[in-house]
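Residue strings, one per chain:
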Amino acid sequence: MDKNFKEEFTQIIKFQPPLYKQRHQFVKDLVEKYKPKKVADLGCADCSLLWMLKFCSCIEVLAGLDICENVMKEKMHMLSPLPVDYLQPSERSLTVTLHHGSVAHKDPCMLGFDLVTCIELIEHLEESELKKFPEVVFGYMAPSIVVISTPNSEFNPLFPRVMLHRHPDHKLEWSQAQFQSWALETARCYNYSVEFTGVGHPPTGMEKVGFCTQIGVFVRKYPQTGESVQSDKPTEAVYKTVFKAVYPSLKDEKYLQNAVINEVIFTAQIIKHRLMSKRKECSDDPERKSKFQPSMDCFSDYLGKLVVEKNMEPFVSGNEVYIPLATIFSFPKVNRLCGTFEKLCKLIAGKVTLSSDGSAVMFNIEYENEEN
């Protein structure tokens, strides 16, 4: 390929979406495929990948590790729960933790992960760290899947002003053959298989250059057993925890109770409103008054296909409106939150005004009439 053809491409190569977003999307797609519950990002830097992964519903534990504490601290606020997370707790639990430390050191806090990502990390490691890296990640941590991405040095001539490495902190940048040789040997030593791919396609006509970012996806061949677990695991932590966030979850009884109470009151208010509206319509229309029954029939169009028994009918007695708990429990969201009628009764006990026998939510409409 002549020099002029190559120089032409050095001026026009631009990735859309940007290369870092393509790398992050690759990891996200992998998460959606394998559904890991525990994910660790080694070399998490500005926490942008962790921030994206926290929205993946299958993940319950996220951990980040980086040698630069200041970079993590600048961005770690992105990983904190938002007010909406407390107002509408998720059905899953989620804990996010950031650690300051080196991937050349072993720490028990990094055990038990399903997926470990090392995105643009190994090129920053000193030679001594790179030698220890496989044993720490594949031997000690031994997750089910490891994703490693690193620059493809064969792509570098297509970038203007790249003389040796793409970043001044890079200690190495491998060709496709060099990366694949290292990855295959690492996989062989620790009983993993590895497949190679990448992101950042080369220009048409220069396919042999390969992806701008080369990626190895390692999958452990055999599940860990008691015999395969390392016997020299350190019992003391060597990493420093710099951030931890536990998200509100409906698995936590207090958040579940609040959600159930709010939903019960909301549902009961809707039923009461429909009941009183129909009652008023009937009282204003003499022809309909004789036909009026303060029952579920008055707003069956609202409830749709919901079938209820006679003892589930809401009714008015004096200044009190009674909405049976059995009716409220029939609503899908309440049913899903509680699971059982007994659980519903337990969660709202003492928190919602009930009838004397505890079978119905009770509203006093005297004060509402006075306000109106």
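This one's a predicted model, so the numbers in the text were calculated from it and none came from an experiment.

Asks: Teacher, can you tell me more about the environment of Leu347 here?
Replies: Within the element layout of this structure, Leu347 appears in helix α13 (residues 341-348). Exposure remark for Leu347: the relative accessible area of 2% places this residue in the buried category. Counting along the chain gives 91 residues from Leu347 to Leu256, while the straight-line C-alpha distance between them is 8.3 Å. For Leu347, the contacting residues outside a window of four places in its chain are Glu253, Leu256, Gln257, Val260 and Ile261.

Asks: Which parts of the structure should I look at to understand α13?
Replies: Given 3.6 residues to a turn, an α-helix orients residues that are three or four positions apart in the same direction. Inspection of α13 places Leu344, Leu347 and Ile348 among the buried residues, and these make up the whole buried set. One side of α13 holds all its buried residues, which, seen down the axis, span an arc of 85°. Counted as exposed and oriented over 90 degrees from the buried face of α13: Glu342 and Lys346. Remark: Gly350 follows α13 within two positions and exhibits a positive phi of approximately 75°.

Asks: What should I look at first to understand the packing of aromatic side chains in this one?
Replies: Centre distance and the angle of the planes are the two values used to describe a pair of aromatic rings. Per the stated rule, a full pass over the model turns up 14 aromatic pairs. Between Trp51 and Phe55, the ring centres sit 5.0 Å apart and the planes meet at 80°, which makes this aromatic pair edge-to-face. Of the aromatic side chains, those joined through ring pairs into one cluster are Phe133, Trp174, Phe179, Trp182 and Phe196. It is Lys38 that lies over the ring of Phe113; its NZ or CZ is 5.1 Å from the centre. Between the NZ or CZ atom of Lys272 and the centre of the ring of Phe363, over which it lies, the distance is 5.0 Å.

Asks: Just to check I follow, could you spell out the side chain of Glu263 for this structure?
Replies: Residue position: Glu263 is located in helix α8 (residues 253-284). A residue is classified by how much of its surface remains accessible, and Glu263, at 15% relative accessible area, is buried.

Asks: Hey, could you run me through the sheet that holds strand β5 (residues 145-151) in this one?
Replies: The pairing of strands in a sheet happens through backbone hydrogen bonds and is either parallel or antiparallel. Pairing in this open sheet of eight strands is mixed, and the strands run β6-β7-β5-β4-β1-β2-β3-β8 from one edge to the other. Since the sheet does not close on itself, it has two edges, and those belong to β6 (192-199) and β8 (240-246), each with one partner. Within the sheet, the average angular offset between the axes of one strand and its neighbour, ignoring direction, is 15°. Alignment of strand β1 (residues 38-42) against strand β4 (residues 115-119), held across three bridges, turns out to be parallel. Bridge pairing links Val39 to Leu115 in β4.

Asks: When you look at the environment of Phe329 in this model, what are you seeing that I'm missing?
Replies: The residue Phe329 is located in helix α11 (residues 325-329) in this model. On the basis of relative accessible area, Phe329 is assigned to the buried category, the value being 13%. Taking the C-alpha atoms as reference, Phe329 lies 7.6 Å from Leu344; in sequence the two are 15 residues apart. Among residues more than four places away in sequence, those in contact with Phe329 are Val334, Asn335, Cys338, Gly339, Thr340, Phe341 and Leu344.

Asks: Please clarify how the side chain of Glu173 should be interpreted in this entry.
Replies: Positionally, Glu173 belongs in the loop between β5 and α7 (176-189). Judged by relative accessible area, which is 9%, Glu173 ranks as buried. A polar atom in the side chain of Glu173 sits 2.6 Å from the side chain of His170. When neighbours within four sequence positions are excluded, Glu173 is seen to be in contact with Pro151, Ser153, Asn156, Leu164, His165, Arg166, His167 and Gln178.

Thresholds applied
Residues numbered from 1 in each chain as written. Predicted model: local features only at pLDDT ≥ 70, side-chain atom pairs only at ≥ 80, totals over all residues. Heavy atoms only, no water. Helix = DSSP H or I, 4+ residues; strand = E, 2+ residues; numbered from the N terminus. Buried < 20%, exposed > 50% of the residue type's maximum accessible area, 1.4 Å probe, protein only. Contact = heavy atoms within 4.5 Å. Arc of directions from axis to C-beta. Phe/Tyr/Trp six-rings, centres within 6.5 Å; stacked < 30°, edge-to-face > 60°. Lys NZ or Arg CZ within 6 Å of the ring centre and 35° of its normal. Pairing = 2+ DSSP bridges. Axes fitted to C-alpha atoms, helices over the stretch in contact; angles between N-to-C directions. Polar contact = N/O pair within 3.5 Å; in protein donor to acceptor, adjacent residues only side chain to side chain.

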